[in-house]
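# Structural features, examined
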Amino acid sequence: MRRIMIPLILCLLSACASVDGSKIETLSGEAMGTTWTAKFAHSRNSPDLDKLKNGIQKQLDIVDAQMSTWKPDSDLSRFNSAPAGSWQTLPPELFGVLEQSLKLAKATHGAYDPTVGPLVNLWGFGPGPKTLAKPDTKRLAEARVRVGWQQIELDPATRRARQPGDVSVDLSSIAPGFAVDQIARYLESQGLQNFLVEHGGELRARGHRPGGKGWRVGIEQPDSDSVIAKVIVLSNQASGSSGDYRKFYELDGKRYSHHIDPRTAAPVTHALASVTVIASDCLQADSTAAALSILGPEQGYAYAKEHQVAALFLVRTSNGFIQKMTPEFEKLR
């Protein structure tokens, strides 16, 4: 599964050993079109690293098999191609993620919409054919008919979803966060108490790094691979980020971001370069960051403040970037 909402690169700034004898083990791999890393601290004999790596990979493979829009045989792809009016029974993980995405769509009045896929494809940012041209009015109108989170009906009692007909769900702005949570739950089941998990830039931390302090991570400055805009400490928290500067194209002197606003059927034009959200789990952090990136620096900040979201906005100005933090984010310092 490749991300449509490309996250920021969050740099891991943790030490690797401490005076108390604990040390950090690191595992890494590839899944869902990106990379993952798991760092865990322990002071006992080293756990079975091969077993842990295989277990983590299994969790990611489950998410990919259920929620990929790039695999025609995934559970989500089968739902997207199901006959109009049919009710489809979904795996518990997929149903739960779809349910949460629809709740966020309702809360943001459609700024976040998991059915936006046809518009994303039309603007050249999806798994479909890449066409670097502004869609004409007719094609936009045809795509907009297929977009609308309200068209999806759920039956929680039977874990079924109704395909209204030609509606395509895309969960790539929430599924990676869920995948991070799945890895965290697996590591906890293996008795690990102190770890930091990263997948495609999304993070979840538990406990602390060697030395007894939380896990220090750096939030990258937009348009830079080495400048850190902010350093925060995570402990029993998750971080999700969304930025517009790693996936875009320029056409006739105009910049087109991969952030498509379902309400306008076009790429966003506001000055928000990136947003980072801190939450209790990564599913919430990942999807909320995606929603705020569509809402922008004014509407997004108002939404985050109203809903008590810990968020950091990095906004472009003629003089560089400015940082805009919600009260909940400021408390993290």
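Residues numbered from 1 in each chain as written. Predicted model: local features only at pLDDT ≥ 70, side-chain atom pairs only at ≥ 80, totals over all residues. Heavy atoms only, no water.

## Some details on helix α7 (residues 282-306)
What counts is decided by this rule: What counts as a helix is a DSSP run of H or I of at least four residues, what counts as a strand is a run of E of at least two, and both are numbered from the N terminus. One less than the residue count of a helix, multiplied by 1.5 Å, gives the span that helix is expected to have. Two axes are fitted around each residue, one to the seven residues ending there and one to the seven starting there, and the angle between them is reported as the bend at that residue. Each residue is placed in one exposure class: buried if its accessible area under a 1.4 Å probe, protein chains only, is under 20% of its type's maximum, exposed if it is over 50%, and partly exposed if it falls in between. Residues adjacent in sequence count toward polar contacts only when both atoms are side-chain atoms; beyond that, a polar contact is any pair of N or O atoms within 3.5 Å, and within protein one must be able to donate a hydrogen and the other to accept it.
For α7, built from 25 residues, the straight-helix expectation of 36 Å at 1.5 Å per residue is missed by more than 12%, its first-to-last C-alpha distance being only 20 Å. Within α7, the axis deviates most sharply at Gly296, by approximately 130°, and proline Pro297 lies no more than four positions further along. Taking burial as the measure, the 25 residues of α7 include 19 buried ones, the bulk of the element. The N-cap residue of α7 is Asp281: its side-chain oxygen and the backbone nitrogen of Leu283 are 3.3 Å apart. In the stretch just after α7, Gln308 is the one whose phi turns positive, near 55°.

## A look at the layout of surface pockets
Note the following rule: Buried and open spaces are told apart on a 1 Å grid over the protein atoms alone, a cavity being a set of points where a 1.4 Å probe fits but cannot get out and a pocket being an open set with protein on both sides within 12 Å along at least five of seven lines. Residues with an atom within 4 Å of a point are the lining residues. Grid points are joined across faces, edges and corners, and a volume is the space filled by probe spheres set on the points. Amino acid classes used here: Ala, Val, Leu, Ile, Met, Phe, Trp, Tyr, Cys and Pro are nonpolar; Asp, Glu, Lys and Arg are charged; the rest, including Gly, are polar.
By volume, the largest pocket is sized at about 320 Å³. As for the largest pocket, its lining consists of 19 residues, of which Leu104, Gln284, Thr288, Tyr303 and Val309 are closest to the centre. Broken down by secondary-structure element, the contributors of at least two residues to the lining of the largest pocket are α3 (92-107), β16 (272-279) and α7. Among the elements that take part in the lining of the largest pocket, α7 stands out by supplying five residues, more than any other. Tallied by class, the residues present in the lining of the largest pocket amount to 11 nonpolar, six polar and two charged.

## Thoughts on the packing of aromatic side chains
Worth spelling out the cut-off: Pairs were defined over the aromatic rings of Phe, Tyr and Trp, the Trp ring being its six-membered one, requiring ring centres within 6.5 Å. Orientation was assigned from the angle between planes: stacked under 30 degrees, edge-to-face over 60, tilted for the rest. Whether a charge sits over a ring depends on NZ of Lys or CZ of Arg being within 6 Å of the ring centre and within 35 degrees of the ring normal.
If you walk through the whole model with that rule in mind, you get one aromatic pair. Across the ring face of Tyr301, the terminal group of Lys324 is positioned such that the distance to the ring centre comes to 4.8 Å.

## Section: the sheet that holds strand β8 (residues 202-206)
Basically, it comes down to this: Pairing between two strands requires that DSSP report at least two bridges joining them. Angles shown run from 0 to 180 degrees and are taken between the N-to-C directions of axes, each axis being a line fitted to C-alpha atoms and, for helices, limited to the stretch in contact.
Across the sheet, eight strands lie side by side as β2-β3-β7-β8-β11-β16-β17-β18; this open sheet has antiparallel pairing. The sheet is open, and its two borders are formed by β2 (23-31) and β18 (320-325), each paired with just one other strand. Strand after strand, the sheet turns through a mean of 15° between neighbouring axes, direction not considered. Bridge analysis of strand β3 (residues 34-42) against strand β7 (residues 195-199) gives five bridges, and the strand direction is antiparallel. Residue pairing for β7: Lys39 is matched across the bridge by Leu196.

## Let's talk about the environment of Gln323
Filter applied, for reference: Two residues form a contact once any of their heavy atoms are found within 4.5 Å.
With respect to the helices and strands, the residue Gln323 is situated in strand β18. Judged by its relative accessible area of 39%, Gln323 falls in the partly exposed class. Apart from the residues lying within four places of it in its own chain, the contact partners of Gln323 are Ala229, Lys230, Leu312, Phe313 and Leu314. Side-chain polar atoms of Gln323 contact the backbone oxygen of Ala229, separated by 2.9 Å.

## What to know about the nonpolar core
Test applied: To qualify as a nonpolar core, a set must consist of buried Ala, Val, Leu, Ile, Met, Phe, Trp, Tyr and Cys residues joined through side-chain atoms within 4.5 Å.
Core analysis: the largest hydrophobic core is formed by 63 residues, its most contacted members being Ile56, Leu171, Leu187, Leu292 and Phe313. Here this core takes 12 residues from α7, the largest share from any one element. Formed by 17 residues, the second largest nonpolar core is a distinct cluster that contains Ala205, Trp215, Ile232 and Leu312.

## Some details on the pairing of β2
Across nine bridges, β2 lies against β3 in antiparallel orientation. Bridge pairing in β3 links Glu25 to Phe40. The turn joining β2 and β3, which pair antiparallel and follow one another in sequence, is formed by two residues; a positive phi near 55° is taken by Met32.

## A look at the pattern of salt bridges
How we decide: Throughout this description, the term salt bridge denotes a Lys or Arg side-chain nitrogen within 4 Å of a carboxyl oxygen of Asp or Glu.
As enumerated under the stated definition, the model contains nine salt bridges in all. Among the salt bridges present, the one from Arg263 reaches Asp261, with a minimum N-O distance of 2.9 Å. Overall, the relative accessible area of 35% leaves Arg263 in the partly exposed class.

## Details of the packing of helix α6 (residues 175-189) against α7
Packed helices, taken two at a time, are described by the angle between their axes plus the distance between the axes. Which entries qualify depends on this criterion: Oblique is the label for any angle not covered by the other classes, which are roughly parallel (under 35 degrees), roughly antiparallel (over 145) and roughly perpendicular (65 to 115). Should the near helix be turned anticlockwise from the far one by less than a right angle, the crossing is left-handed, and should it be turned clockwise, the crossing is right-handed.
Put simply, α6 and α7 touch, their axes get as near as 7 Å, and they point 165° apart. Here α6 lies roughly antiparallel to α7, going by the angle between them. Classified by chirality, the crossing of α7 by α6 is right-handed. In this structure, α6 uses Pro176, Gly177, Phe178, Val180 and Asp181 to contact α7, whose residues at the interface are Cys282, Leu283 and Asp286. The residue inventory of the contact of α6 with α7, partitioned by class, reads five nonpolar, one polar and two charged.

## Here we look at the sheet that holds strand β5 (residues 153-155)
Here we have three strands laid out as an open sheet, ordered β4-β6-β5, and antiparallel in their pairing. In the strand order of this sheet, the two ends are held by β4 (86-89) and β5, each with one partner. Strand-to-strand twist in this sheet, taken as the mean axis angle between neighbours without regard to direction, amounts to 30°. Across three bridges, β5 lies against strand β6 (residues 160-163) in antiparallel orientation. Bridging from a neighbouring strand, Leu154 pairs with Ala161 of β6. Contacts from α3 reach β5 and β6 within the one sheet, and its direction differs from that of β5 by about 130°.

## Describing the confidence of the model for the protein chain
Where we set the bar: One number per residue, pLDDT, summarises how confident the predictor is, and it ranges from 0 to 100.
Overall, the prediction assigns the protein chain a mean pLDDT of 87, with 86% of residues at 70 or greater. Contacts for the low-pLDDT stretch residues 1-19, under 50 throughout, to residues beyond four places or in other chains number 89 contacts.

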